[in-house]
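Chain by chain, the residues:
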Amino acid sequence: MTAELMRPAAAEFLSVALAVDDLSAPTPCAGYDVSGLLNHLLYWGPWLIAAGRHEEPPSPGAGEAGAGLVTAGWAAALEKQTETLVEIFEAAPAWTGTTKLGTAELPGAVLGDMVLGEFVLHGWDLARASGRPLHCAPPAATAVLESARAMGEQARAMGVYGPEVPVPAEAAVLDRALGAAGRDPSWSR
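My aim in this report is to walk through the structure given alongside it, one point at a time. Being a predicted model, the structure only gives us computed values, none of them experimental.

Rules used throughout
Residues numbered from 1 in each chain as written. Predicted model: local features only at pLDDT ≥ 70, side-chain atom pairs only at ≥ 80, totals over all residues. Heavy atoms only, no water. Helix = DSSP H or I, 4+ residues; strand = E, 2+ residues; numbered from the N terminus. Contact = heavy atoms within 4.5 Å. Polar contact = N/O pair within 3.5 Å; in protein donor to acceptor, adjacent residues only side chain to side chain. Salt bridge = Lys/Arg side-chain N within 4 Å of Asp/Glu carboxyl O. Buried < 20%, exposed > 50% of the residue type's maximum accessible area, 1.4 Å probe, protein only. Core = buried A, V, L, I, M, F, W, Y, C linked by side-chain atoms within 4.5 Å. Phe/Tyr/Trp six-rings, centres within 6.5 Å; stacked < 30°, edge-to-face > 60°.

1. Overview of the environment of His 122
Mapped onto the secondary structure, His 122 falls in helix α5 (residues 108–130). Between the C-alpha atoms of His 122 and Leu 37, which are 85 residues apart in sequence, the distance is 7.9 Å. In this view, His 122 contacts Phe 13, Cys 29, Leu 37, His 40, Leu 41, Gly 117 and Arg 183; residues no more than four positions away in its chain are not counted. At 2.9 Å, the side chain of His 122 and the side chain of Asp 125 are in polar contact.

As structure tokens, this is what we get:
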């Protein structure tokens, strides 16, 4: 079950995210440097938390671009947000029924897969940007690959994923997940 993959994936994500030292470094996530990607994570985290709790989403405020959330306290905020997401998605209620993410209604299981994907994919983005490895357990990589394949076309249509990157069938599972999510596993800065 994907719920049991959350805590280890989140721990690895935080280990990478909290070690970044150059907020202006480019990332493999198109259109984002490290600061922009951290802002993205901090902006959308409360939306994922509300959706996981089956609550109303937060106000969009100035939107992601105008949020300016990477301030002196960004690391503590990211740690708290990540722990809250793990607590929510380790419990069965977040995975059941349907919920809203903004105006979109989706199954709780799809939302849970998205959260795991955020930890793994954006963890990899930050790891690559800072020249660090990302240690992703094979079951988590497999879950992200399956999710990326299942929602790939819709995610590309919404601009969430870039075009699929061809990756050999014999490549590591994480590399195949990255390719399915529109990332080039060989990206380096």
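2. Here we look at the pattern of salt bridges
Tallying each qualifying case throughout the model produces 6 salt bridges. Ionic pairing is found between Asp 22 and Arg 189, a salt bridge with its closest N-O pair at 3.8 Å. With Asp 22 in the loop between α1 (6–17) and α2 (34–52) and Arg 189 in the segment after α7 (173–180), this pair connects stretches of sequence that are 167 residues apart. Looking at Arg 189, the relative accessible area reads 56%, which means it is exposed. The salt bridge involving Glu 153 is made with Arg 156; its shortest N-O contact spans 3.5 Å. Of this pair, Glu 153 and Arg 156 both sit in helix α6 (residues 138–157), 3 residues apart, which is roughly one turn of the helix.

3. Quick look at the nonpolar core
Counting residues in each nonpolar core, the largest one holds 57 residues, and the members touching the most others are Phe 13, Leu 38, Leu 78, Phe 89, Leu 116, Phe 119 and Leu 126. Where this core is concerned, the elements lending two or more residues are α1, α2, α4 (74–89), α5, α6 and α7. Among all residues touching Leu 126, those that are not within four sequence positions of it are Phe 13, Val 16, Ala 17, Val 20, Val 34, Leu 37, Leu 38 and Leu 41.

4. Thoughts on the packing of aromatic side chains
The full count for this structure, using the stated rule, is 5 aromatic pairs. Here the aromatic rings of Phe 13 and Phe 119 are separated by 5.5 Å at their centres, their planes lie at 40 degrees, and the arrangement is tilted. Of this pair, Phe 13 sits in helix α1 while Phe 119 sits in helix α5; the two residues are 106 residues apart in sequence, bridging distant segments of the chain. For the pair formed by Phe 13 and Phe 119, the shared burial category is buried. Three or more aromatic residues joined by ring pairs make a cluster, and in this case those are Tyr 43, Trp 44 and Trp 47.

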